[in-house]
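# Structural characterization, general
Residue-level listing of the chains:
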Amino acid sequence: MRSMKKRPVVVVTRRLPDVIETRMRELFDTRLNLEDKPLSRQELVDAVALADVLVPTLTDEIDADLLAKAGPDLKLIANFGNGIDHIDVPAALARGITVTNTPGVLTEDTADMAMALILAVARRIPEGSRIVPDGEWAGWSPTWMLGRRITGKRLGIVGMGRIGQALARRAKAFGLSIHYHNRRHVPARIEQELEATYWESLDQMLARMDIVSVNCPHTPATFHLLSARRLKLMKADAILVNTARGEVIDETALTRLIEAGAIAGAGLDVFEEEPAVNPRLLKLARQHKVVLLPHMGSATQEGRVDMGEKVIVNIKSFIDGHKPPDRVLLSML
């Protein structure tokens, strides 16, 4: 692309950290969402008609129909986030629109949250944290509020990318045995470092694990990867943690199995229909059988600023006539 002479119109769909919004205003003709409310469909139509660069987030559905209404100047979608399942990337590329994301910067934060959920479910931390302020604690007892030790247990990681590996390092320090299912082996040096066991068959791994963590992206190939059939393979005393995307798990089947005692519990930071949450899951949370969080796995101040800085670099590289460092290619989908 030839370098733009005018300041590009950059439309940002949600509030970003102040330091990022300020820098974007300095560099570009930036239109901000000061109310931080998700844009309506019509507002998104207006945004793509106006923008040279669109900066959406995971709450914005950027589908082929919306892209068909884009103005001729929209040449870049600089996604604020790593996941791009809300963007029809093939449709964008077919219209000559480059798509970028923000990989890598949320790895440690998300791995922290996955480890926190494992501990929260196994050791009943949310349940315990409510008992003291609610005045229900009558004193220590040797058989009260018993959780489960995680040291010595087997952790099965579904998706051994950056986040899966970061979780494995944390889990290994807690004494967990690391197992993983991935499209392919990770490099031998990483397997050796983590003392990780590779399972080509997801079915076989699920049947043997004490804890399963979902760390793969949502793609057409991973939709309901943990299907009702596969969830039934899990041990009755196993727990499931998901900090990736809700669509990877058949949430209805998971709920039914936990209700029946066929799976011991779950820690979920993402949901199939978020922000809506299955009422049966909410009931299980009130019964202390699941831990539910509001998609906060990547929510650190440092992480959000790092994401914003990547967005700025991608936009600046693009308008200066260079290839953005974080382009999303069809081969990556």
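Every chain's residues receive numbers from 1 upward, in the order its sequence appears when written. Residue-level local features of this predicted model are given only where pLDDT is at least 70; pairs of side-chain atoms are given and counted only at 80 or more, and the full residue set underlies all totals for whole chains, interfaces and linings. Side-chain calculation: all heavy atoms of the structure are included, whereas hydrogens and water are not.

### A word on the overall build of the protein
Note the cut-off: Helix and strand labels come from DSSP, where a helix needs a run of H or I of at least four residues and a strand needs a run of E of at least two; each type is numbered from the N terminus. Radius of gyration: over C-alpha atoms. The globule rule applied is 2.2 Å multiplied by the number of residues raised to the 0.38 power. Throughout this description, buried means an accessible area under 20% of the type-specific maximum (1.4 Å probe, protein chains only), exposed means over 50%, and partly exposed covers the range between. Only heavy atoms enter the contact rule, under which two residues are in contact if any of them lie within 4.5 Å. Note that accessible areas follow from Shrake-Rupley with a 1.4 Å probe, and for residues the cover is restricted to the protein chains shown.
Looking only at helices and strands, the protein features 13 helices and 12 strands. Taken against the 2.2 N^0.38 rule, which gives 20 Å for 333 residues, the C-alpha radius of gyration of the protein at 22 Å falls within 12% of a compact globule. Seen through its C-alpha atoms, the protein measures out along the principal axes to roughly 70 × 50 × 30 Å. The 333 residues of the protein split such that 48% are buried. Here the analysis covers contacts within the protein between residues at least 6 apart in sequence; of these, 61% occur between residues at least 24 apart. If you sum the accessible surface of the protein, you get close to 16,400 Å²; carbon and sulfur atoms cover 53% of it.

### What to know about the UniProt feature "domain: D-isomer specific 2-hydroxyacid dehydrogenase NAD-binding" (unreviewed entry) in the protein
Condition: UniProt positions are given in the numbering used here, feature names are shortened, and annotations may be inferred rather than shown by experiment.
Per the UniProt annotation, the sites labelled "domain: D-isomer specific 2-hydroxyacid dehydrogenase NAD-binding" (unreviewed entry) are residues 115-297. Segment residues 115-297 splits into 33% helix and 15% strand. End C-alpha atoms: 10 Å apart.

### Focus: the UniProt feature "domain: D-isomer specific 2-hydroxyacid dehydrogenase catalytic" (unreviewed entry) in the protein
Taking the UniProt record as the reference, the feature "domain: D-isomer specific 2-hydroxyacid dehydrogenase catalytic" (unreviewed entry) is found at residues 21-328. Helix makes up 37% of residues 21-328 and strand 13%, and the two end C-alpha atoms of the span are 23 Å apart.

### Some words on the domain arrangement of the protein
Put simply, the test is: Domain segmentation is taken from an automatic or database assignment of domains. The term buried area refers to how much accessible surface (probe radius 1.4 Å) is lost by two components on association, counted for both of them together. Whenever Lys or Arg places a side-chain nitrogen within 4 Å of a carboxyl oxygen from Asp or Glu, that contact is recorded as a salt bridge. Contacts described as polar in this section are N or O atom pairs within 3.5 Å, which, within protein, must combine one atom able to donate a hydrogen with one able to accept it, while residues neighboring in sequence count only if both atoms come from side chains.
Parsing the protein into structural domains produces domain 1 (9-101 + 301-332) and domain 2 (106-292). With centres defined by C-alpha atoms, the gap from domain 1 to domain 2 works out at 32 Å. For the pair domain 1 and domain 2, the two sides together bury roughly 500 Å², of which 47% comes from carbon and sulfur. It is L58, N82 and D85 in domain 1 that bury the most area against domain 2; as a group they hold 65% of the surface buried on that side. Where domain 1 meets domain 2, there are one salt bridge. Ionic pairing is found between D85 and R245, a salt bridge with its closest N-O pair at 3.3 Å. Where domain 1 packs against domain 2, one counts two residue pairs in polar contact (both at pLDDT 80 or more).

### Some words on the sheet that holds strand β2 (residues 29-31)
By definition, the strands of a sheet pair up through backbone hydrogen bonds, in either a parallel or an antiparallel sense. Which entries qualify depends on this criterion: By definition, two strands form a pair when at least two bridges between them are found by DSSP. In this analysis an axis means a line fitted to C-alpha atoms, helices contributing only their contacting stretch, and an angle means the value between N-to-C directions, from 0 to 180 degrees.
If you walk across this open sheet you meet the five strands as β2-β1-β3-β4-β5, and the pairing is parallel. Edge positions in the sheet fall to β2 and β5 (98-100), since each of these pairs with one other strand and no more. Adjacent strand axes in the sheet meet at a mean angle of 15° when their direction is disregarded. Here two bridges tie strand β3 (residues 53-55) to strand β4 (residues 76-78), and the two strands are oriented parallel to one another.

### Regarding helix α13 (residues 301-319)
For clarity, the cut-off: One less than the number of residues in a helix, times 1.5 Å, gives the span that helix is expected to have.
Here α13 contains 19 residues, and its C-alpha end-to-end distance of 27 Å stays within 8% of the 27 Å for a straight helix at 1.5 Å per residue. Along α13, the residues classified as buried are G303, M307, G308, V311, I312, N314, I315, S317, F318 and I319. Check the buried side of α13 and you find it contacts β1 (9-12), α1 (18-27), β3, β4, β5 and α5 (107-123). With its phi angle positive at about 90°, G321 sits one or two positions after the end of α13.

### Focus: the packing of α5 against helix α7 (residues 162-173)
Defined as follows: Angles below 35 degrees are treated as roughly parallel, those above 145 as roughly antiparallel, those between 65 and 115 as roughly perpendicular, and all remaining angles as oblique. What makes a crossing left-handed is the near helix being turned counterclockwise from the far one by less than a right angle; a clockwise turn instead makes it right-handed. When residues are grouped by polarity, Ala, Val, Leu, Ile, Met, Phe, Trp, Tyr, Cys and Pro land in nonpolar, Asp, Glu, Lys and Arg in charged, and all others, Gly among them, in polar.
With their axes 8 Å apart at the nearest point, α5 and α7 run at an angle of 50° to one another. In terms of axis orientation, α5 runs oblique to α7. α7 is crossed by α5, and the crossing has right-handed handedness. Here α5 contributes T107, E108, T110, A111, D112, A114, M115 and I118 to the contact with α7, which in turn contributes R162, I163, A166, L167, R170 and A171. Here the residues of the contact of α5 with α7 are counted per class, giving eight nonpolar, two polar and four charged.

### Regarding the sheet that holds strand β10 (residues 239-242)
Ordered in space as β8-β7-β6-β9-β10-β11-β12, the seven strands form an open sheet in which the pairing is parallel. Two strands bound the open sheet, and with one partner strand each, they are β8 (197-198) and β12 (290-292). The sheet contact formed by strand β9 (residues 211-214) and β10 spans four bridges and is parallel. Looking at the pairing, S213 lines up with V241 of β10. Packing of α7 onto the sheet brings it into contact with β6 (154-158), β7 (177-181) and β9, and relative to β6 it is tilted by some 170°. Sitting on the sheet, helix α12 (residues 279-286) is in contact with β11 (265-268) and β12, with an inclination near 115° to β12.

### Digging into the pattern of salt bridges
Oppositely charged side chains are able to pair whenever their charged atoms sit close together. For the structure shown, the criterion picks out 20 salt bridges. As a salt-bridge pair, R31 and D29 come within 3.0 Å of each other at their nearest N and O atoms. The partly exposed category is assigned to D29, whose relative accessible area is 27%. One connected set of salt bridges, linked through shared partners, spans R41, D63, D65 and K69.

### Remarks on the packing of aromatic side chains
Heads up, the condition is: What counts as a ring pair is set by centres within 6.5 Å for rings of Phe, Tyr and Trp (its six-membered ring), and what kind of pair is set by the plane angle: stacked under 30 degrees, edge-to-face over 60, tilted for all other angles.
Using the criterion set out here, one finds one aromatic pair in the structure. Where Y180 meets Y198, the ring centres are 5.1 Å apart and the plane angle is 50°; that geometry is what we call tilted. With Y180 in strand β7 and Y198 in strand β8, this residue pair connects regions lying 18 residues apart in the sequence. Residues Y180 and Y198 agree in their burial class; the two are buried.

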